Amino acid sequence: MNDPKDHGYGILPLLILVVAGFTFNTSELIPIGLLSDIASDFGISEARAGLLITVYAWVVATMSLPLMLLFARMNFRTLMTGVVSVFFLSHILTVLSTGYYTLMFSRIGVALAHSLFWSIAPAMAVAVMPREKRAAALSALVAGGGVALIMGLPLGRVLGLVAGWRMAFAAIAVLAALILLGLRFRFPSIAPDLSKGESRKQMIRSLWQCRPLVCIYIVTVVIVTGHYTGYSYIEPFMAQIVGMGEKPITLTLSLFGVAGLTGSFLMSRWYTARPRLFILASCFGLPVMMLLVYPCSMMSVWFLAAVCIFWGMAMTIFNIAFQNEIVGLFPGDSAVPMSFYSGIFNLGIGAGAMVGGWVCDAGLLSNICSIGGGISLCAAVFCLLAYIPRRKMQA
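Residues numbered from 1 in each chain as written. Predicted model: local features only at pLDDT ≥ 70, side-chain atom pairs only at ≥ 80, totals over all residues. Heavy atoms only, no water.

Section: helix H7 (residues 165-186)
Side chains three or four residues apart in an α-helix point the same way, a direct result of the helix having 3.6 residues per turn.
Item 1. Taking 1.5 Å of rise per residue, the 22 residues of H7 would be expected to cover 32 Å, and the 32 Å separating its terminal C-alpha atoms lies within 8% of that figure.
Item 2. Of all the residues in H7, the buried ones are Trp165, Ala168, Phe169, Ala170, Ile172, Ala173, Ala176, Ile179, Leu180, Gly182 and Leu183. (Helix = DSSP H or I, 4+ residues; strand = E, 2+ residues; numbered from the N terminus. Expected span 1.5 Å × (residues − 1). Buried < 20%, exposed > 50% of the residue type's maximum accessible area, 1.4 Å probe, protein only.)

Shown next, in the form of structure tokens:
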């Protein structure tokens, strides 16, 4: 068999991974667009339904690195087949769930599969393409996950509104079944690189001595907590506080994703020349936009849509910028620090959904984006005062 580092296996295996990335991220995001429907079906509050997002994110946060290390020696195709199988069966359980706790159990299964998928998918994407196309392969995989925000969340919401929220998850199960077929019949057998195992264990022990990295992790968990405090409950905010209909809500949620594409384009063109500008613009732009959500929503839906565009753009730029920063700190092998980054990012998602739930329970839904913006603003100030100076010293 050809060495994948020299010749590759063709575009089809990469396409299977890209579709899988879209499917996994869509599953993670869908509850945000269907939160009110799920809450209504089970007779619970939006805050309690929001715990589905919190628990999911915290499972991913705590299990990404342990699962990566536990299964590091398995054949990639065999491991990915198992991961997608758990993902598929968990969605079947979601569709058949008869109560809140059954649904929660099924989402934990999906989260376990999600945490392992994003730990091994980048290595698989690199392995199936020629050496000179590794960067393009990783970009395609990330783009597949990003399209979930543009198409997956809005389409899932539309399907849920038309046929019920269970059908949205059933559609994801169908996609998972197709991915399993692709893995079985069109994906090559790929052995993992065992030579990096010991060096990664040593890296874990010394990782926290890198002060710029620690600053990145602190900024990330706080900014993401603030972002998801508002974003997790943006659908009930627009419905109950702004009084928007189903179609305008779906369109506004789509704007977040479209703005993300714009942010990715800006990053690809100018980030290398002005990295500090992008870092600070995203860190401060995100809380400023969140603080403007409520006053702009009281003026016009169009003002709210404009704010959401810049909010989504800032969040995408922030995420890509800090991933680039981590790769720059660890150019030889960034798998372990990136795994920690993924875990910390999801820790912020869970914390934000939980804080947002508390805000809803306190009857402060109208202030939810302002509270999230205040949290994120603290991280922006910390980035300016702590990370930027250390970044200069590191450079």
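Moving on, there is more to tell.
Re the packing of helix H4 (residues 76-96) against H7
Item 1. The interhelical angle for the contact between H4 and H7, taken along N-to-C directions, is 160°, at an axis separation of 9 Å. With respect to H7, the element H4 is oriented roughly antiparallel. Note on packing geometry: the crossing formed by H4 with H7 is left-handed. In this structure, H4 contributes Arg77, Met80, Thr81, Val84, Ser85, Phe87, Phe88, His91, Ile92, Thr94, Val95 and Leu96 to the contact, and H7 contributes Trp165, Arg166, Phe169, Ala170, Ile172, Ala173, Ala176, Ala177, Ile179, Leu180, Leu183 and Arg184. (Axes fitted to C-alpha atoms, helices over the stretch in contact; angles between N-to-C directions. Parallel < 35°, antiparallel > 145°, perpendicular 65-115°, else oblique. Left-handed = near helix turned anticlockwise from the far one by under 90°. Contact = heavy atoms within 4.5 Å.)

Brief notes about the nonpolar core
Item 1. Met80, Tyr217, Ile279, Cys283, Trp311, Phe318 and Phe322 are the most contacted members of the largest nonpolar core, which has 126 residues in total.
Item 2. If we skip the residues at most four places from it in the chain, Phe318 touches Val219, Thr220, Ile223, Val224, Ser282, Cys283 and Tyr341. (Core = buried A, V, L, I, M, F, W, Y, C linked by side-chain atoms within 4.5 Å.)

Looking at the packing of aromatic side chains
Item 1. A full pass over the atoms with the stated rule returns 11 aromatic pairs.
Item 2. With a centroid separation of 5.4 Å and an interplanar angle of 75°, the aromatic rings of Tyr100 and Tyr101 are classed as edge-to-face.
Item 3. The class of Tyr101 is exposed, set by a relative accessible area of 62%.
Item 4. Look at Phe117 and Trp118: their rings are 5.0 Å apart centre to centre, the planes differ by 90°, and that puts the pair in the edge-to-face class.
Item 5. Pairwise contacts between aromatic rings join Phe24, Phe87, Phe117 and Trp118 into one cluster.
Item 6. Directly above the ring of Tyr100 sits Arg48, whose terminal nitrogen or CZ lies 4.4 Å from the centroid.
Item 7. Lying across the ring of Phe185, Arg184 places its NZ or CZ 5.0 Å from the centre. (Phe/Tyr/Trp six-rings, centres within 6.5 Å; stacked < 30°, edge-to-face > 60°. Lys NZ or Arg CZ within 6 Å of the ring centre and 35° of its normal.)

So, the side chain of Ser115
Item 1. In this fold, Ser115 is placed in helix H5 (residues 100-127).
Item 2. The buried category is assigned to Ser115, whose relative accessible area is 2%.
Item 3. Excluding residues within four positions of it along the chain, Ser115 makes contact with Val60, Met63, Ser64 and Leu67.

Digging into the side chain of Thr220
Item 1. Take Thr220: it is sitting in helix H9 (residues 211-231).
Item 2. In this structure, Thr220 is in contact with Phe318, Tyr341, Ile344 and Phe345, ignoring residues within four places of it in sequence.

Quick notes on the pattern of salt bridges
Item 1. All chains considered together, the criterion is met by 3 salt bridges.
Item 2. Across the pair Asp41 and Arg166 runs a salt bridge whose closest N-O atoms are separated by 3.5 Å. Highlighted residues: Asp41 in helix H2 (residues 35-42) and Arg166 in helix H7, separated in sequence by 125 residues.
Item 3. Exposure remark for Asp41: the relative accessible area of 42% places this residue in the partly exposed category. (Salt bridge = Lys/Arg side-chain N within 4 Å of Asp/Glu carboxyl O.)

Things to note about the packing of H4 against H5
Item 1. It is at 8 Å that the axes of H4 and H5 come closest, and there the two elements cross at 155°. Compared by their axis directions, H4 and H5 come out roughly antiparallel. For the pair H4 and H5, the sense of crossing is left-handed.
Item 2. Taken together, the residues of the contact of H4 with H5 sort by class into 17 nonpolar, 6 polar and 1 charged. (Nonpolar A, V, L, I, M, F, W, Y, C, P; charged D, E, K, R; others polar.)

Considering the environment of Gly226
Item 1. Tracing the sequence through the fold places Gly226 in helix H9.
Item 2. Sequence separation of Gly226 and Ile32 is 194 residues, and the distance between their C-alpha atoms is 15 Å.
Item 3. Ignoring anything within four residues of it in the chain, the contact list for Gly226 reads Met290, Gly372, Ile375 and Ser376.

With respect to the state of the cysteines
Item 1. Enumeration over the complete set of coordinates arrives at 0 disulfides.
Item 2. Considering cysteine sulfurs only, Cys215 is the nearest to Cys210, which forms no disulfide, with 9.0 Å between them.
Item 3. Looking at Cys210, the relative accessible area reads 16%, which means it is buried.
Item 4. Free of any disulfide, Cys360 has its nearest cysteine sulfur in Cys369, 10 Å distant. (Disulfide = S-S within 2.5 Å.)

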